[in-house]
Amino acid sequence: MLFNLLAAPYSSHGGLLNLLHYMTFRAGCACLTALIISLLLGKPFIAQLKRIQRQGQPIRALGPERHILEKAGTPTMGGGLILFSLALSTLLWADLRDGFVWAVLLTTLGFGAIGFADDYLKLAKGNSKGVSKKLRLGGEFLISCLAGIAMEALTPPEFRNAVAFPFTKTFMLHLGYAFPLFAMVTITGFGNAVNLTDGLDGLATVPSIIAALVFALIAYLVGNHVFADYLQLHHVPGTGELSIFCAALIGAGLGFLWFNAPPAEVFMGDTGSLALGGALGAVSVAVKHELVLCLVGGLFVMETISVILQVFWFRRTGKRIFLMAPLHHHFEKMGWQEPKIVVRFWIVAIILGLCGLATLKIR
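All values reported here derive from a predicted model rather than from experimental measurement. (Residues numbered from 1 in each chain as written. Predicted model: local features only at pLDDT ≥ 70, side-chain atom pairs only at ≥ 80, totals over all residues. Heavy atoms only, no water.)

Observations concerning the overall build of the protein chain
When you go through the protein chain residue by residue, the secondary structure sums to 15 helices and 2 strands. Across the 363 residues in the protein chain, those meeting the buried criterion constitute 52%. In the protein chain, once contacts between residues fewer than 6 apart in sequence are set aside, the share between residues at least 24 apart is 75%. Taken as a whole, the protein chain presents about 16400 Å² of accessible surface, with 70% of it coming from carbon and sulfur. (Helix = DSSP H or I, 4+ residues; strand = E, 2+ residues; numbered from the N terminus. Buried < 20%, exposed > 50% of the residue type's maximum accessible area, 1.4 Å probe, protein only. Contact = heavy atoms within 4.5 Å. Areas by Shrake-Rupley, 256 points an atom, 1.4 Å probe, with all protein chains shown as cover.)

With respect to empty space enclosed by the protein
Per the counting criterion, the structure on display carries 1 cavity of 30 Å³ or more. Quantified by volume, the largest cavity comes out at close to 160 Å³. Contributing to the lining of the largest cavity are 15 residues, with Phe-165, Pro-166, Phe-167, Leu-233 and His-289 lying nearest its centre. (1 Å grid on protein atoms, 1.4 Å probe; cavity = no way out; pocket = protein on both sides within 12 Å on 5 of 7 lines; lining within 4 Å. Points joined across faces, edges and corners; volume = space filled by probe spheres on them.)

Brief notes about the packing of helix α4 (residues 79–93) against helix α10 (residues 242–260)
Packing of α4 against α10 brings their axes to within 8 Å, and their N-to-C directions diverge by 150°. By crossing handedness, the relation of α4 to α10 is classed as right-handed. Packed against α4, whose contacting residues are Gly-79, Leu-81, Ile-82, Ser-85, Leu-86, Ser-89, Thr-90 and Trp-93, the element α10 presents Ile-244, Phe-245, Ala-248, Leu-249, Ala-252, Phe-256 and Phe-259 at the interface. In terms of residue class, the contact of α4 with α10 is made up of 11 nonpolar, 4 polar and no charged. (Axes fitted to C-alpha atoms, helices over the stretch in contact; angles between N-to-C directions. Left-handed = near helix turned anticlockwise from the far one by under 90°. Nonpolar A, V, L, I, M, F, W, Y, C, P; charged D, E, K, R; others polar.)

Overview of a nonpolar patch on the surface
Nonpolar side chains collect at one region of the surface, where Leu-32, Ile-36, Leu-40, Leu-41, Phe-84 and Leu-88 lie side by side and expose about 550 Å² of accessible area between them. Going through the elements one at a time, α2 (23–52) and α4 are the ones with two or more residues in the nonpolar patch. Considering each element in turn, the nonpolar patch owes the most residues, 4 residues, to α2. Mapped onto the elements, Phe-84 comes out in helix α4. (Patch = residues over 30% accessible without salt bridge, like charges linked within 9 Å, V, L, I, M, F, W, Y side chains within 5 Å. Salt bridge = Lys/Arg side-chain N within 4 Å of Asp/Glu carboxyl O.)

Digging into α4
The terminal C-alpha atoms of α4, which comprises 15 residues, lie 21 Å apart, in line with the 21 Å expected from a rise of 1.5 Å per residue. Of all the residues in α4, the buried ones are Gly-79, Leu-81, Ile-82, Leu-83, Ser-85, Leu-86, Ala-87, Ser-89, Thr-90 and Trp-93. (Expected span 1.5 Å × (residues − 1).)

Re the side chain of Asn-195
Structurally, the position occupied by Asn-195 is in helix α7 (residues 179–197). With a relative accessible area of 15%, Asn-195 lands in the buried category. Within the structure, the side chain of Asn-195 is placed 2.7 Å from the side chain of Asp-270, a separation counted as a polar contact. Those residues in contact with Asn-195, other than ones at most four positions away along the chain, are Arg-136, Asp-270, Ser-273 and Leu-274. (Polar contact = N/O pair within 3.5 Å; in protein donor to acceptor, adjacent residues only side chain to side chain.)

As for the environment of Leu-20
Relative to the helices and strands, Leu-20 is located in the loop between α1 (2–7) and α2. The exposure class of Leu-20 is buried, given its relative accessible area of 7%. Taking the C-alpha atoms as reference, Leu-20 lies 9.9 Å from Asp-95; in sequence the two are 75 residues apart.

Some thoughts on the pattern of salt bridges
Evaluation of the coordinates by the stated rule reveals 8 salt bridges. For Glu-265, the salt bridge identified is with Lys-43, shortest N-O distance 3.1 Å. Of the two residues, Glu-265 sits in the loop between α10 and α11 (269–286) while Lys-43 sits in helix α2, which places them 222 residues apart along the sequence. With relative accessibility at 28%, the residue Glu-265 sits in the partly exposed group. Put simply, Arg-136 and Glu-140 hold a salt bridge, and the shortest N to O gap is 3.3 Å. You can see Arg-136 and its partner Glu-140 sitting in helix α6 (residues 133–154), 4 residues apart, about one turn around the helix. The network of salt bridges with common partners includes Asp-118, Lys-122, Arg-136, Glu-140 and Asp-270.

Quick word on the packing of aromatic side chains
Across all of its chains, the model carries 5 aromatic pairs by this definition. Aromatic side chains Phe-116 and Tyr-120 sit 6.4 Å apart centroid to centroid with 20° between the ring planes, which places their arrangement in the stacked category. Taken as a pair, Phe-116 and Tyr-120 lie in helix α5 (residues 99–125) at a separation of 4 residues, close to a single helical turn. Note on Phe-116: relative accessible area 45%, which makes it partly exposed. Three or more aromatic residues link up through ring pairs in this structure, and these residues are Phe-331, Trp-336 and Phe-345. Of note, Arg-344 hangs over the ring of Trp-336, and the distance from its end group to the ring centre comes to 4.9 Å. (Phe/Tyr/Trp six-rings, centres within 6.5 Å; stacked < 30°, edge-to-face > 60°. Lys NZ or Arg CZ within 6 Å of the ring centre and 35° of its normal.)

Listed below in structure tokens is the structure:
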């Protein structure tokens, strides 16, 4: 908004307004803006949630026993703080003429709305059952499919319907009309993967920030034809503005982490976790790095696979592979303390983020 109101009309005037033309400057401002908004609004936002949610988030009865004792009464829907900070900061600092910005932002808000409905019903019913699985997945599929179609239309024709592979610029898998379905699976899959990971204080927040940091760099490089050619990346015009969105996500996530760090004052709930996963999935589709997201967000992938394996094996044999799924609950059952699990998972997320950066091969 600031770019459209000030930089574009008055670019010839020079001076400080010229800084708005630099994506790196606007990305830094977006991160700082989202962080300040989160920190300033955090306390009153949590206080309001506590007034509305007298019993706090319903704790799953089948979860670890200590959660019922230690986490009962903690309010949920804290993801609303992330979404507000992220959206406002993006609208302030991104170029709103860019279609990719709107596609990713609306996808994020759409997933956040589904998560909000799920959280609201859980609170209203007083149990851990929210929106039905069919309705929830149907909404996610619809939003992500529409996002895939929109981003497909914005992508250059030469790789519009294609999936790119790391370390090579020549080989691409062309999906044709099936590409929106691939985008749908990617965005919805990561939305739910982050949702499954959000089971301990701060566990999903930091890996999401790390993934956003990696994709802020990727979006900047892919959106710049000089860097894209040098690094053998597919140049997608317009995606550079997504670095500002990712920077805003980092700032909003850091601000929320201030209140979500163990012991959490607030949970992000499905409102935040679905939105964060949907945002990362949408950005990866836009910049043609869906497979790299599977590496950078490998922690989310591992958590999801642990649930799939647990359910599959239990239905076939009546036995469990893990003491409890998702994976972080398995380590809780083994006797690991929550801070140890969270920090070690953060370390894994950092290593995977660095591996993701290693895919940006210089020719």
